[in-house]
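Here is how the chains run, residue by residue.
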Amino acid sequence: MPTGPSLSIGIAGAGLLGRLLAWQLSRAGHRVSVFDPAADEQPQFNGQQVQGQQVQGQQAAGFTAAGMLSPLAELDNSSIGVARLGWRSIPLWQAHAVALEQPDLVQVRGSCLVAHRSDLGAAQRVLARLSNGGLDLPQAQALTMADLAELEPAVHGVAHAWMLPGEGQINPVATLLALHAKAQQVQWHWGQRVTAVRPNELQLASGENARFDWAIDVRGVGAKPEWPVRGVRGEVAWLQAPNHGLIRPLRLLHPRHRVYVVPRTADIVLVGASEIESEDRSPVSLRSVVELLSAAHSVMPGLAESRVLRLDTNLRPALPDNEPLTEMAPGLLRINGLFRHGWLLAPAIVEDALTQLTEMIGDTEHV
Ligand SMILES: Cc1cc2nc3c(=O)[nH]c(=O)nc-3n(C[C@H](O)[C@H](O)[C@H](O)COP(=O)(O)OP(=O)(O)OC[C@H]3O[C@@H](n4cnc5c(N)ncnc54)[C@H](O)[C@@H]3O)c2cc1C
């Protein structure tokens, strides 16, 4: 955390990274201004009507996310480096939630993997990828059906199950709103698009150039074309399911679909998510709804009478190697590429970036 003299800091983007950085930097006594094209700090879900216009999924991806903190399960399609950052982030999120005076924003109860009888082969291939080469990371633990019935009584119709110990979940919408609410010293400039980010400077769509001691670019997919970032479409369904009984995130290992069900409140679950190499921001397709919801229903038959509250789409910001990247030069910090694990990675990435920033400020002062 950069301490010492108060710096003026301009942040482009008020999504997950932008709000976390703004909150932390303002707590450390810096003068922070944040610019974002969104109308205000509230989520605007895809398809929602705002001032007579239909929202087309342009809000922060952070609002759409399921909020799983799954360093082990994500090894299915990410590196050991991502997993290590993820394991560091979970206790950091717990500490942040306490500092935000909402410890319940984060739950750490592990998560479950399940598979139907005919899908054991596909499940074993995924588990082999999660075994993380014998490194010092936690491992998936096989459950009997009796164990599963005790841990997750709402889950039925599966033949195989595993527990991923130490994994957790966060409530993304509530956390983004809490970060904003607790960063009262920050100047939030809504409805302001940043067209370029340079050392010490944000260029605004209005033509104005805003000058700062440090400029920070956390625009996600909006950092194109300055960064080679691409959007990867993801679709989710929110279900109103009174007393659904699900206790922890549940992933179905299936040869064709990657589907998870995440408890959001005692009465709401989120089912996700498609992963489509497309920057199409249009509403959720029938095919995705059918695939996601039928897979969810096959492991939680009690969802049959739930009500579809919301279908939402967004773009995950990904760099060509699907790895996160932090770049720093005097007066300029850029972070992007958090892809499908932004909630999992953000606290550790921000911690490392702020340490680097402190060192760089120290070096500059000694020049
Ligand atoms: C369907 C789905 C499910 C997901 N599930 C999970 C999950 O379970 N666990 C997990 O860890 N991660 C998950 N993610 C990933 C996570 O949401 C992202 O990695 C994370 O939101 C990226 O954070 P960010 O701050 O880089 O970008 P964002 O959260 O997208 O924020 C970018 C911000 O920049 C603003 N912006 C854009 N252009 C400009 C501009 N020109 N000027 C100024 N501001 C601009 C945007 O309005 C936005 O507010 C999921 C994502 C999706 C889409």
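Details of the sheet that holds strand β6 (residues 106–107)
- The strand order β5-β10-β6 describes an open sheet built from three strands, whose pairing is antiparallel. Both edges of this open sheet fall to β5 (68–69) and β6, since each of them pairs with a single strand only.

Digging into the nonpolar core
- In terms of nonpolar packing, the biggest core is built from 75 residues, with Ile11, Leu21, Trp93 and Ile335 touching the most fellow members.
- Here this core spans two domains, since at least three of its residues come from each of domain 1 (8–64 + 173–228 + 321–366) and domain 2 (107–167 + 230–318).
- If we ignore the near neighbours within four places in the chain, the residues touching Trp93 are Leu16, Leu20, Leu69, Val106, Ile170, Thr175, Trp343, Ala346 and Pro347.
- With 26 residues, the next largest nonpolar core counts Leu143, Leu148, Ala161 and Val269 among its residues.

Quick notes on the sheet that holds strand β12 (residues 194–198)
- Spatially, β12-β13-β14 is the arrangement adopted by the three strands of the open sheet, whose pairing is antiparallel. In the strand order of this sheet, the two ends are held by β12 and β14 (209–211), each with one partner. With strand direction ignored, the average angle separating the axes of adjacent strands in the sheet is 20°.
- In terms of strand pairing, strand β13 (residues 201–204) meets β14 through three bridges, oriented antiparallel.

A closer look at the pairing of strand β16 (residues 230–240)
- Taking burial as the measure, the 11 residues of β16 include nine buried ones, the bulk of the element.
- Sheet topology note: the β16/strand β19 (residues 268–272) ladder contains five bridges and is antiparallel. Its bridge partner being in β19, Leu239 is matched across the sheet by Val269.

With respect to the domain arrangement of the chain
- According to the domain assignment, the chain consists of domain 1 (8–64 + 173–228 + 321–366) and domain 2 (107–167 + 230–318).
- Computed over C-alpha atoms, the centres of domain 1 and domain 2 are 29 Å apart.
- Residue-level contacts link 20 residues of domain 1 with 22 residues of domain 2.
- Summed over both partners, the interface of domain 1 with domain 2 buries about 1900 Å², with 50% contributed by carbon and sulfur atoms.
- Linking domain 1 with domain 2 are two salt bridges, by the criterion used here.
- The shortest N-O distance in the salt bridge between Glu275 and Arg340 comes to 2.4 Å.

Examining the packing of aromatic side chains
- This model, assessed by the stated rule, comprises four aromatic pairs.
- On the numbers, 6.2 Å between centres and 65° between planes, the contact of Phe35 with Phe212 is edge-to-face. With Phe35 in strand β2 (residues 31–36) and Phe212 in the loop between β14 and β15 (214–217), the pair connects residues that are 177 residues apart, well separated along the chain.
- Classification of Phe35 as buried rests on a relative accessible area of 5%.
- A relative accessible area of 13% means that Phe212 is categorised as buried.
- Across the ring face of Phe45, the terminal group of Arg310 is positioned such that the distance to the ring centre comes to 3.7 Å.
- The ring of Trp238 is capped by Arg310, whose NZ or CZ atom sits 4.5 Å from the centre of that ring.

Cut-offs applied
- Residues numbered from 1 in each chain as written.
- Predicted model: local features only at pLDDT ≥ 70, side-chain atom pairs only at ≥ 80, totals over all residues.
- Heavy atoms only, no water.
- Pairing = 2+ DSSP bridges.
- Helix = DSSP H or I, 4+ residues; strand = E, 2+ residues; numbered from the N terminus.
- Core = buried A, V, L, I, M, F, W, Y, C linked by side-chain atoms within 4.5 Å.
- Buried < 20%, exposed > 50% of the residue type's maximum accessible area, 1.4 Å probe, protein only.
- Domains from an automatic or database assignment.
- Contact = heavy atoms within 4.5 Å.
- Axes fitted to C-alpha atoms, helices over the stretch in contact; angles between N-to-C directions.
- Buried area = accessible area lost by both parts, 1.4 Å probe.
- Salt bridge = Lys/Arg side-chain N within 4 Å of Asp/Glu carboxyl O.
- Phe/Tyr/Trp six-rings, centres within 6.5 Å; stacked < 30°, edge-to-face > 60°.
- Lys NZ or Arg CZ within 6 Å of the ring centre and 35° of its normal.

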